Each structure stands twice: as C-alpha cells, then as structure tokens.
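Each chain is listed here by its residues.
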Amino acid sequence: MDRCDALRALLGALHVEDLALFTTGMISREAYGLRDRPENFYMMGSMGLLSSMGLGLALSLPGRRVVVVEGDGSALMSLGSLALIAQQSPPNFTHVVLDNEAYESTGNQPSISATIDLAAQASACGYRLVGRCLDLDSFTQLFAEHRASPGPSFLLAKVGGRASHGLARLDIAPPALKDRFRAAAGPGRASS
Amino acid sequence: MIPAKTFWSELKRRDFRFFSGVPCSILTEALEALPADPELTYVPAVREDVALGVASGATLAGRRSAILIQNSGLGHIVNPLTSYSLMYEVPILLIITWRGFQGKDAPEHLLMGDRMTGFLDLMGVPYAVLDDGNLASVLDRAVAAMDSSQKPFALLVKKGSIG
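From a predicted model like this one, the values you see are computed outputs, not experimental measurements.

(A) How the structure looks around the overall build of chain A. Along the backbone of chain A there are 8 helices and 8 strands. A globule of 192 residues ought to have a C-alpha radius of gyration of about 16 Å, and chain A, at 15 Å, matches this closely. Counting only C-alpha atoms, chain A reaches 45 × 40 × 30 Å along its principal axes. Every one of the 192 residues in chain A was classed for burial, and the buried ones make up 48%.

Structure below.
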C-alpha cells in the first residue's frame, strides 16, 4: 500500500479529540500536508523519541486516545520503548508503524525491518493487541479496530509507493507547534 | 544531608508530580522513599533518553515533570535535548547525579565527572548544584528558570546529598 494513502486513511479515522504524534522525516511532512490539526504533533528532530513521548502523554491523559505514528527506522531505534510501553500498558495508546523497510528521507537506504518483524517484537513485549497489514483496506479496518480497542496496541503496515521527495518541510516554528499542541492537549478539552 | 522525604515533599510542593528515570546509587535512598505517595508517578525508564521522552510527554499534557538519571547517561540525552527539549522549548527538570566528582570514583566515571558541567554549558542548559540547606532555593530557581525560558534546568546531585 502507498504510505500516503495509509496516512490519509489514518488521519480520516481519527476522532476529533485524538492526539496524534508523527515521527521525524517524511511521515511528519506528509501528515502535515494531508491534514494539519492542532491535535497533531510533528517531531522534527530526535528520531526515536516519539513513542516514549506518547507514553508520557497517554499516562498523563487517560481520557484521551494517543496515536503514535512512526517509521521502521524510528521504531528500530527504540525497541526498549516497546518494552516500557507494554509494561506500563496504557489502554489509550495506539502505536502505528508505517514500515517501508528504508530510511527514505536520507536517500532510501535499506533498514533491517525486511527480516526483523517489528510486530513480533511488540507481541513478545506484551502489547495487548498486535496487527499486521499489507493492503489499504485491511489497514483502514484494523486501524479503526485498534483506535477503538483497549491498548496498548501495535499495528504494523508494510508500505511502499512513490518516492516522496519534494515534500515541503513544516513551516511552523517548533515552539509555536508545541504551544498549539499543548493547548489542544490541555485541561478543558473534550475527553472521550 | 537532605532527608529523602524532604527531597520529594519539596518537589511536590512545587507541583512536580511526574517522574521518570534510570537509577543511580547516589539516589538509592531517594528512590526508596518515593513509592509511598500515590499522587506521584514514577516511570522506570529503560534508558535516559526514554526517561526524557516519557517525562516530556507529561509536560506537554500540562504536568510539571522531572527525570532522575546518572551523569553517565548525559550522552544519551544530548540529541533529545538539542533537537527536542531546547528546540521546541519543553521545560523539564533534569536531576543528574554527579559521579566522578573531584576525581574520586570508579574509572568509568572520571571523564564525565570532570567534564559534565562543560557539556551542560555547551548545550546551553542552566544548572545548580544541590547542597545542604539549598534545596528550597535551588528548586525555586529551577522553576523560575523553566517557567520563564520554557527550557530544561539541571539539578546536580553529589554523593551523600540525599539520605
């Protein structure tokens, strides 16, 4: 499935109050271009940090669904965070890995996820719900299920598709993006 | 020596309620005194950068947060500090133990013990050293700096400071 189509489906399936975090590189740029919203956080630096940040958010805001969207490179960099997320086990945590088996934003160098099964890692760590999908229909269906089910859940989507070079970088200054997200996550906002 | 209970109560008084970290022997007594309070959350992180990530998530949720780490883990948080905390302006209290202080420690702690404040200076992270009698004043200073700059502040803890 095309990563852009998967991201579009994911963004369309989010509930209004869901907090969605996107990893550094193409995934953030693509999500920003497809459907920007105050409840989206785009990581511009610190590859690998996103899932632990999502864990802290989910533990602090048990009434909000937190959706972490990262790539295979980012997930591989933080396998230890998979263990901690499973051990802390926040039910409002949904983890999505868009796995293109490559470091696309640096020139498409291969990652090791072609032979290392990240879903099996999440399963071994103890995520409550783990899914895999190869096509857009199953991704759309599984994401809706994971979004609505007690987590932590982990959805591995094998993606490919056209190269995304030429995607614009985010034109929001990082502190302004953080302030906007913090206000959207803050007290007084709707909770599900 | 600062009693471990006082250490936590002074943090809580300033609304620090969410903590994550990786243990250090300098913090043994402090960590033993922690779990008694259900209002405080402590997430045992698998590495120092993960601690920073978890605590920063809590900060974005509107909670004042801190990490507790050994200075050997300072290297693990250099990129998260420079390309996340400092860049996005996400304040967090970094409680960092000072192994290798004045060259008296196991060999693996000597270089970092000697250069730690230099690393913090290079990154532009302000810091204060915890000493007998200054807990309240350094925490007030840390909170004021974090609130005004929206950036991290480091509190350096030497052996025997908390017990």
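Alright, that's what it looks like, and here's the rest.
(B) Region of the structure containing the environment of T117 of chain B. Residue and element names in this part refer to chain B. Looking at where T117 falls in the secondary structure, it is placed in helix α5 (residues 107-123). Judged by local crowding, T117 falls into the partly exposed class, with 16 C-beta atoms found within 10 Å. Along the chain, T117 and W98 lie 19 residues apart, while their C-alpha atoms are 9.7 Å from each other.

(C) View of the sheet that holds strand β4 (residues 93-97) of chain B. Residue and element names in this part refer to chain B. Taken in spatial order, the 6 strands make up an open sheet running β2-β1-β3-β4-β6-β5, and their pairing is parallel. In this open sheet, the two strands that pair with only one neighbour each are β2 (41-44) and β5 (127-129). Ignoring strand direction, the axes of neighbouring strands in this sheet form an average angle of 20 degrees.

(D) A look at unusual backbone geometry. G151 of chain A connects to P152 of chain A through a cis peptide bond whose omega is 5 degrees. You can see P152 of chain A is positioned in the loop between α7 (136-148) and β8 (153-158). Of note, Q102 of chain B is a non-glycine position whose phi angle comes to about 55 degrees, a positive value. Topologically, Q102 of chain B is positioned in the loop between β4 and α5.

(E) Layout of the interface of chain B and chain A. Each partner contributes to the interface: chain B provides 26 residues, whereas chain A provides 25 residues. Listed by contribution, the elements that provide at least two residues to the side of chain B that touches chain A are β2, α3 (48-60) and α4 (78-88) of chain B. Element by element, the count of residues in the side of chain B that touches chain A is highest for α3 of chain B, at 9 residues. For the side of chain B that touches chain A, the per-class residue count stands at 15 nonpolar, 7 polar and 4 charged.

(F) Broad picture of the environment of E10 of chain B. All names here are of chain B. For E10, the location among the structural elements is in helix α1 (residues 4-13). Counting along the chain gives 47 residues from E10 to G57, while the straight-line C-alpha distance between them is 22 Å. Once residues within four sequence positions are removed from consideration, E10 is found in contact with L135, A136 and L139.

(G) Highlighting the packing of helix α3 (residues 50-60) of chain A against helix α5 (residues 79-88) of chain A. Residue and element names in this part refer to chain A. The N-to-C vectors of α3 and α5 enclose an angle of 15 degrees; their axes lie 9 Å apart at closest approach. Looking at the two axes, α3 sits roughly parallel to α5. For the element pair α3 and α5, the recorded crossing hand is left-handed. Contacts between α3 and α5 involve S51, S52, L55 and L59 from the first element and S81, L84, I85 and Q88 from the second. Grouping the amino acids of the contact of α3 with α5 by side-chain chemistry returns 4 nonpolar, 4 polar and no charged.

(H) Layout of the packing of α5 of chain A against helix α6 (residues 118-125) of chain A. Residues and elements named next belong to chain A. Between α5 and α6, the least distance of the axes is 8 Å, while the angle of their chain directions is 40 degrees. It follows from the interaxial angle that α5 and α6 lie oblique. Seen from above, α5 lies across α6 with right-handed handedness. For the pair formed by α5 and α6, the contact residues are L79, L82, A83 and A86 on the first element and Q121, A122 and C125 on the second. Looking at side-chain class alone, the contact of α5 with α6 contains 6 nonpolar, 1 polar and no charged residues.

(I) Main features of the sheet that holds strand β4 (residues 93-99) of chain A. Residues and elements named next belong to chain A. Here we have 6 strands laid out as an open sheet, ordered β2-β1-β3-β4-β8-β7, and parallel in their pairing. What marks the edges here is a single partner per strand, and that holds for β2 (40-42) and β7 (129-133). Averaged over all pairs of adjacent strands, the angle between their axes in this sheet comes to 15 degrees, without regard to strand direction. Of the pairings in the sheet, the one linking β7 to β8 comprises 5 bridges and is parallel in character. Residue pairing for β8: L129 is matched across the bridge by S153. The sheet strands contacting helix α2 (residues 26-34) are β1 (19-22), β2, β3 (66-71) and β4, and the helix crosses β2 at an angle near 140 degrees.

Definitions and cut-offs
- Residues numbered from 1 in each chain as written.
- Chains lettered and ligands numbered in written order.
- Predicted model: local features only at pLDDT ≥ 70, side-chain atom pairs only at ≥ 80, totals over all residues.
- Helix = DSSP H or I, 4+ residues; strand = E, 2+ residues; numbered from the N terminus.
- Rg over C-alpha atoms; globule rule 2.2 N^0.38 Å.
- Buried ≥ 20, exposed ≤ 12 C-beta atoms within 10 Å, placed from the backbone.
- Pairing = 2+ DSSP bridges.
- Axes fitted to C-alpha atoms, helices over the stretch in contact; angles between N-to-C directions.
- Contact = placed C-beta atoms within 7 Å.
- Nonpolar A, V, L, I, M, F, W, Y, C, P; charged D, E, K, R; others polar.
- Parallel < 35°, antiparallel > 145°, perpendicular 65-115°, else oblique.
- Left-handed = near helix turned anticlockwise from the far one by under 90°.

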